[in-house]
Amino acid sequence: MFQHSLLGERTNLFKMVTGMVRTLIAGNWKMNGLKSSLSEVDAVITQLGDFPDAADCLICPPATLVVPMQERAGARLKVGAQSCHPEAFGAFTGDLSAEQLKDAGASYVIVGHSERRSEHGERSAYVQEQAHACLRAGIVPIVCVGESFAQRQRGETKDTVIRILRKSLPTLGSSDSIVVAYEPLWAIGTGLVPSDEEIAEVHQVIRDLLVELYQDRGADLRILYGGSMKPSNAAEILAIKNVNGGLIGGASLKAADFMAIYAAAVA
Ligand code: 13P
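Presented here is an overview of the structure given in this document.

What counts, and at which threshold
- Residues numbered from 1 in each chain as written.
- Predicted model: local features only at pLDDT ≥ 70, side-chain atom pairs only at ≥ 80, totals over all residues.
- Heavy atoms only, no water.
- Phe/Tyr/Trp six-rings, centres within 6.5 Å; stacked < 30°, edge-to-face > 60°.
- Helix = DSSP H or I, 4+ residues; strand = E, 2+ residues; numbered from the N terminus.
- Buried < 20%, exposed > 50% of the residue type's maximum accessible area, 1.4 Å probe, protein only.
- Pairing = 2+ DSSP bridges.
- Right-handed = clockwise from strand over helix to strand, strands pointing away.
- Contact = heavy atoms within 4.5 Å.
- Salt bridge = Lys/Arg side-chain N within 4 Å of Asp/Glu carboxyl O.
- Near = heavy atom within 4 Å.
- Polar contact = N/O pair within 3.5 Å; in protein donor to acceptor, adjacent residues only side chain to side chain.
- Areas by Shrake-Rupley, 256 points an atom, 1.4 Å probe, with all protein chains shown as cover.
- Nonpolar A, V, L, I, M, F, W, Y, C, P; charged D, E, K, R; others polar.

All chains considered together, the criterion is met by three aromatic pairs. An angle of 65° between the planes, with centres 5.6 Å apart, marks the rings of Phe 51 and Tyr 262 as edge-to-face. With Phe 51 in the loop between helix 2 (38–48) and strand 2 (56–60) and Tyr 262 in helix 11 (residues 255–266), this residue pair connects regions lying 211 residues apart in the sequence. Judged by its relative accessible area of 23%, Phe 51 falls in the partly exposed class. Given a relative accessible area of 0%, Tyr 262 falls into the buried group.

If you want it as structure tokens, here you go:
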């Protein structure tokens with residue numbers, strides 16, 4: 001819990017001083033990265049030192065790289081993971097618990113990513129269990145949600161996002177924190193991005209839901225945008241109301257691209 005409450009305190013202190021939610025720039029490496037990729041992390045760590053400490057920076061590598069990444073991360077780079085099992089331990093071959101990921105050095109875990117929902121059949125009730133497991137372990141869950149292209153075309157985007165989130169979001173204890181990531185399925189890895197107005201509209205309904213579920217605290221929770229975010233569109237997306245950071249796939253794999261997005265966040 002120690003690292004977890006420190007995270008919360010740092011975010012709260014920042015908000016007290018600036019009146020703003022501290023931006024989070026998060027990389028999701030998905031099933032990419034070998035030990036040789038740690039050179040990109042070293043470049044990220046070096047370049048972070050050139051920027052003011054005005055936004056959080058996180059990389060969620062494959063589980064095989066959590067330990068070596070954490071060992072070199074230092075104070076500025078946070079390390080996370082991409083999924084977890086709801087149970088703390090037991091006969092679950094091939095799975096990792098939130099406690100194990102915490103032990104390995106993860107301070108965030110992505111849950112409910114659309115690739116987990118579609119490839120592994122993870123439903124919202126299961127995602128909620130995963131989020132509760134993260135909180136139990138003192139980890140901040142990044143709860144992902146998004147609509148399909150067909151749902152957007154049918155005008156069902158807001159309803160879909162809210163319906164999924166109501167089932168996926170955890171109950172929060174007094175020292176718990178979560179992050180929500182809005183990732184339209186049709187924007188992931190495609191180069192397609194919703195318009196600024198479309199992003200703003202969805203982030204506003206997510207904000208309203210967070211305030212409904214968590215009262216005042218819901219106003220401070222971070223809502224990330226994800227889906228084809230890159231250096232050329234980051235500044236524009238990050239300037240949208242209620243966009244408190246990004247969850248970046250492809251463009252997080254190269255230090256130069258990832259740091260260009262971070263630069264947009266601290267500019
Ligand atoms: P891309 O940035 O590659 O579109 O991936 C987004 C994503 O799925 C992050 O979780």
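Further notes follow.
The element strand 7 (residues 222–226) is largely enclosed, with a buried count of five among its five residues. Burial along strand 7 is two-sided: the residues Arg 222, Leu 224 and Gly 226 and Ile 223 and Tyr 225 are all buried. Here four bridges tie strand 6 (residues 179–182) to strand 7, and the two strands are oriented parallel to one another. Opposite Tyr 182, over in strand 7, you have Tyr 225 as the bridge partner. Crossover connection from strand 6 via helix 9 (residues 196–214) to parallel strand 7: handedness right-handed. Where strand 7 lies against strand 8 (residues 245–248), two bridges are found, and the strand directions are parallel. The residue bridging Gly 226 from the neighbouring strand is Leu 247, located in strand 8.

Here the focus is the side chain of Glu 122. Along the chain, the position of Glu 122 falls in the loop between helix 5 (114–119) and helix 6 (124–137). With residues near it in sequence (within four places) discarded, Glu 122 still touches Ser 83, Arg 116, Arg 117, Val 127 and Gln 130.

A side chain of one charge can pair with a side chain of the opposite charge if their charged atoms are brought near each other. Enumeration according to the criterion identifies 13 salt bridges in this entry. When the shortest N-O distance is used, the salt bridge between Arg 116 and Glu 122 registers 2.9 Å. Residue Arg 116 is classed as partly exposed on the basis of its relative accessible area, which comes to 25%. Since its relative accessible area comes to 9%, Glu 122 is described here as buried. Residues joined by salt bridges that share partners form a network here, namely Arg 22, Asp 53, Asp 56, Arg 76 and Arg 222.

A word on the environment of Glu 87. By the element assignment, Glu 87 lies in the loop between strand 3 (77–81) and helix 4 (98–104). Sequence spacing of Glu 87 and Glu 99 is twelve residues, and the spatial spacing of their C-alpha atoms is 9.0 Å. Not counting residues within four places of it along the chain, the set of residues in contact with Glu 87 comprises Phe 92, Ser 97 and Arg 136.

Near the ligand, the surroundings consist of 13 residues, among which Lys 30, His 113, Glu 183, Gly 189 and Ser 228 are the closest. With respect to the ligand, the side chain of Glu 183 contributes an N or O atom lying 2.9 Å from an oxygen atom. Within the backbone of Gly 189, an N or O atom sits 2.7 Å from an oxygen atom of the ligand. A total of 310 Å² of accessible area belongs to the ligand in isolation, and the protein chains cover 94% of it. Here the shell around the ligand is composed, by residue class, of four nonpolar, seven polar and two charged.

What is shown is where atoms sit, not what they do.
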